[in-house]
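Coordinate analysis (summary)
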Amino acid sequence: MKTQFMREAIRLSIQMMRRGKGGPFGAVIVKGNRIVGRGCNQVTSSNDPTAHAEIVAIREACKRLKTFQLDGCDLYTSCEPCPMCLSAIYWARIRSVFYGNTRKDAAKIAFDDDFIYREVALPIGRRSLVMKKILRKEALRAFREWEKKTDKEMY
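Overview of the structure. (Residues numbered from 1 in each chain as written. Predicted model: local features only at pLDDT ≥ 70, side-chain atom pairs only at ≥ 80, totals over all residues. Heavy atoms only, no water.)

1. Quick look at the side chain of D113
Note the threshold: The way it works is that DSSP assigns letters per residue, a run of H or I at least four long becomes a helix, a run of E at least two long becomes a strand, and they are numbered from the N terminus. Type-normalised accessible area, obtained with a 1.4 Å probe on protein chains alone, sets the label of each residue: buried when under 20%, exposed when over 50%, and partly exposed for intermediate values. When charges are counted, neither His nor the chain ends are considered; positive counts come from Lys and Arg and negative counts from Asp and Glu. By definition here, a salt bridge exists when the distance from a side-chain nitrogen of Lys or Arg to a carboxyl oxygen of Asp or Glu is within 4 Å. In what follows, residue pairs with any heavy atoms lying within 4.5 Å of each other are defined as contacts.
Residue position: D113 is located in the loop between helix 5 (103-108) and helix 6 (114-121). This buried residue, D113, is left without a salt bridge; R103 holds the nearest opposite charge, at 7.0 Å. Residues within four places of D113 in sequence aside, it is in contact with C82 and P83.

Listed below in structure tokens is the structure:
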């Protein structure tokens, strides 16, 4: 059963790449034995750097299931997820990830995420991206209000 879902992710990666949607990446999200979300890389066709196959599939699955958490769902993706997608997978509470190509395979065709993996592990002050904390006291107001909010929906 798992191979049919992986084959669908691979099929999407090839088909949509050939149609000019974006890079050679595809993903499907499965709940039970049913595909609830499909995605292909749409970075260049949508001018959205976050439109990776996994993110697109997560968005579709959440919309279809009317939820922001995908507990009990599995992700099949044609390539090992990048750091952004991996984070989204954790936030979505996806149960397991099955992948085809490795991040080393992706690096060989100029999709090298290793830089981001290394950067995220560094302390903020040592990253190449400049990050400066400003107006923290003002920003904390929203957090204090959230903390006291009685009708919040936790995620």
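2. Things to note about the packing of aromatic side chains
Heads up, the rule is: Under the pairing criterion, centres of Phe, Tyr and Trp rings, with the six-membered ring standing for Trp, must be within 6.5 Å; the plane angle then separates stacked pairs below 30 degrees from edge-to-face pairs above 60, leaving the rest tilted.
Inspection of every chain in the model, using the stated rule, returns four aromatic pairs. Centroid distance F5 to Y76: 5.3 Å. Interplanar angle 50°. Geometry classified as tilted. Of the two residues, F5 is situated in helix 1 (residues 2-18) and Y76 in strand 3 (residues 73-79); the sequence distance between them amounts to 71 residues. In this structure, F5 and Y76 share a single accessibility class: buried. Residues F68 and Y155 carry aromatic rings whose centres are separated by 6.1 Å and whose planes lie at 80° to one another, so their mutual orientation is edge-to-face. Here the residue F68 occupies a position in the loop between helix 3 (53-65) and strand 3, and Y155 occupies one in the segment after helix 7 (136-148), the gap between them amounting to 87 residues. Exposure remark for Y155: the relative accessible area of 61% places this residue in the exposed category. Members of the aromatic cluster, joined through ring pairs, are F5, Y76 and F98.

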